[in-house]
Amino acid sequence: MATAGKVIKCKAAVAWEPNKPLVIEEVEVAPPQANEIRFKVVATAVCHSDLYHLFESMPKDGFPAVLGHEAAGIVESVGPGVTEFQPGDKVIPIFLSQCKECRFCKSPKTNQCDLAWKRINPEALVGAESRFTCKGKKVLQFAGTSTFSEYTVINQIAVAKIDPAAPLEKVCLIGCGICTGYGAAVNTAKVEPGSTCAVFGLGAVGLAAVMGCKAAGAKRIIAVDLNPDKAEKAKVLGATDFVNPKDHNKPIHEVLAGMTNGGVDYSVECVGNVEVMRSAFESCMPAWGVSVIVGWTELNDVAIRPTHLISGRTWKGSLFGGFKSKDGVTKMVKAYLDKKLQLDEFITHNMTLDQVNDAIELMKHSKWYHFLVLFIY
């Protein structure tokens, strides 16, 4: 392409400081360096992790930054050493890398990559390097991706090449929320056919967990949320029951125990609240229940009574649904194209980059079923 090897000037939403609206700016995106690709972002979604960075964790070393990490696009150019990709390829960026060479990538026990947290500062959640500048200042790359920009540059170990038939405005959701929730049920909890499950929090990740429980063959799936408007969407995706904790005068784990003769076989927490994590854990059957923490937070510690573990429960954590990132994304895109995975049901709004602050406000106030807004450039 004519832009290969040149700096591209384009539009991006810049977070200059925490707890402030994003600003639409003209940024400069440098050419990709060794082992990097530069691609045009066709579609991206807002994820709660973007809001967590902007309004909750607000790391002092995390600004200015271009947020966004759930996207899909088309390769514009590649840097030296890149052989897997070429201009024109359809791709999905991923915050979690897969180098396929380190001890973690070679182990079937984890989806971590030894290079993942060397690329990204785990405390500030911004990349060690950035190809963005704006008004003469370096702008940080959020989660190593930064997709609230018309172009971005990412290391090839954190990009998945996908089927050219895939609609980018749909499969962009696979880059974070869908894999995270679906995989938490299928890969991490390992939900079994005929089992009883509870999913706490019906944002996009929670709804994907509901979908995963159904795909795994769960007989009963109890969706738990404070917003009754989310019940219908949860049932479309596989939930058999909806419970609103506000409708009961006793703790939610006691409510679920009463509904399930002692507790569910599996619970998945998708909120990022330590009290909800404990409730989800205590909702499990004491003798064999498995509870999975998916919601991200570093703001508080979670406490539990040791006897609740000693009795036989298992407590697990799940990052990106336990998927080996590049391999998992490719697999999930194929599942969508084969009509084995629902995505269309997750899209509530189509908006432009200029409307990014409106999208963030919608998410903050949870004015719809779940937590996804789609931008199309």
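Residues numbered from 1 in each chain as written. Predicted model: local features only at pLDDT ≥ 70, side-chain atom pairs only at ≥ 80, totals over all residues. Heavy atoms only, no water.

## Details of the overall build of the chain
Okay, step 1: What the chain contains, in helices and strands, is eleven helices and 20 strands.
Okay, step 2: With respect to the three principal axes, the spread of C-alpha positions in the chain is 65 × 40 × 35 Å.
Okay, step 3: Evaluated residue by residue, the chain yields a buried proportion of 55% over its 377 residues.
Okay, step 4: For the chain, restricting intrachain contacts to residue pairs at least 6 apart in sequence, the fraction spanning at least 24 positions comes to 71%.
Okay, step 5: About 15,700 Å² of surface is accessible on the chain, with carbon and sulfur atoms providing 51% of the total.
Okay, step 6: Within the chain, one finds 41 positive and 39 negative side-chain charges whose respective centroids are separated by 4 Å. (Helix = DSSP H or I, 4+ residues; strand = E, 2+ residues; numbered from the N terminus. Buried < 20%, exposed > 50% of the residue type's maximum accessible area, 1.4 Å probe, protein only. Contact = heavy atoms within 4.5 Å. Areas by Shrake-Rupley, 256 points an atom, 1.4 Å probe, with all protein chains shown as cover. Lys, Arg positive; Asp, Glu negative; His and termini not counted. Charge placed at Lys NZ, Arg CZ, Asp CG, Glu CD.)

## What about the sheet that holds strand β2 (residues 23-29)?
Okay, step 1: Taken in spatial order, the five strands line up as β1-β2-β9-β10-β4 and close into a barrel, and their pairing is mixed.
Okay, step 2: Note: strand β4 (residues 65-66) against strand β10 (residues 137-141), two bridges, orientation parallel. Bridge pairing in β10 links A65 to L140. (Pairing = 2+ DSSP bridges.)

## Regarding helix α4 (residues 177-189)
Okay, step 1: The end-to-end C-alpha distance of α4 is 17 Å, a good match for the 18 Å that 13 residues give at a rise of 1.5 Å each.
Okay, step 2: Along α4, the sharpest kink reaches roughly 50°, centred on G183.
Okay, step 3: Most of α4 is tucked away: eleven of the 13 residues are buried.
Okay, step 4: Taken together, the buried positions of α4 are G177, I178, C179, T180, G181, Y182, G183, A184, A185, T188 and A189.
Okay, step 5: Elements that come into contact with the buried residues of α4 comprise β5 (70-78), α5 (204-215), β16 (266-269), β17 (290-293), β18 (314-317) and α10 (325-337).
Okay, step 6: After α4 finishes, the residue K190 shows a positive phi value of roughly 60°. (Expected span 1.5 Å × (residues − 1). Bend = angle between axes of the 7 residues up to and from the residue.)

## Describing the nonpolar core
Okay, step 1: Of all hydrophobic cores here, the largest spans 97 residues; its most connected members are V171, I174, V329 and L341.
Okay, step 2: The element contributing the most residues to this core is α5, with eight residues.
Okay, step 3: V329 has contacts with I92, I94, A160, I162, I174, C179 and F320, leaving out every residue within four places of it along the chain. (Core = buried A, V, L, I, M, F, W, Y, C linked by side-chain atoms within 4.5 Å.)

## Side note on the pattern of salt bridges
Okay, step 1: For the coordinates displayed, the defined rule picks out 16 salt bridges.
Okay, step 2: Measuring nitrogen to oxygen at the nearest pair gives 3.9 Å for the salt bridge that ties D89 to K161. Of the two residues, D89 sits in the loop between β5 and β6 (90-93) while K161 sits in strand β12 (residues 159-161), which places them 72 residues apart along the sequence.
Okay, step 3: Taking the relative accessible area as the measure of exposure, D89 reaches 12% and is therefore buried. (Salt bridge = Lys/Arg side-chain N within 4 Å of Asp/Glu carboxyl O.)

## Focus: the packing of helix α1 (residues 48-57) against helix α11 (residues 356-364)
Okay, step 1: Taken N-terminus to C-terminus, the directions of α1 and α11 make an angle of 95°; their axes are 11 Å apart at the nearest point. In terms of orientation, α1 and α11 fall into the roughly perpendicular class. Residue-level inspection shows H48, L51, L54 and F55 of α1 in contact with α11, the latter providing I360, M363 and K364.
Okay, step 2: By residue class, the composition of the contact of α1 with α11 is five nonpolar, one polar and one charged. (Axes fitted to C-alpha atoms, helices over the stretch in contact; angles between N-to-C directions. Parallel < 35°, antiparallel > 145°, perpendicular 65-115°, else oblique. Nonpolar A, V, L, I, M, F, W, Y, C, P; charged D, E, K, R; others polar.)

## So, the side chain of H69
Okay, step 1: Its location among the elements puts H69 in the loop between β4 and β5.
Okay, step 2: Within the structure, H69 has its side chain in polar contact with the side chain of D50 (distance 3.1 Å). (Polar contact = N/O pair within 3.5 Å; in protein donor to acceptor, adjacent residues only side chain to side chain.)

## With respect to the sheet that holds strand β15 (residues 241-243)
Pairing between sheet strands relies on hydrogen bonds along the backbone, with the strands arranged either parallel or antiparallel.
Okay, step 1: If you walk across this open sheet you meet the six strands as β15-β14-β13-β16-β17-β18, and the pairing is parallel. The outermost strands of the open sheet, each flanked by one partner alone, are β15 and β18. Neighbour-to-neighbour, the strand axes of the sheet open up by a mean angle of 20°, direction not taken into account.
Okay, step 2: Against the sheet, α4 makes contact with β16, β17 and β18, and its axis sits at roughly 135° relative to β17, the strand it touches most.

## Concerning the UniProt feature "domain: Alcohol dehydrogenase-like C-terminal" (unreviewed entry) in the chain
Okay, step 1: Following the UniProt record, one finds the feature "domain: Alcohol dehydrogenase-like C-terminal" (unreviewed entry) at residues 204-325.
Okay, step 2: The span residues 204-325 shows a helical share of 34% and a strand share of 16%, and its end C-alpha atoms are spaced 18 Å apart. (UniProt positions renumbered as here; feature names shortened; annotations may be inferred.)

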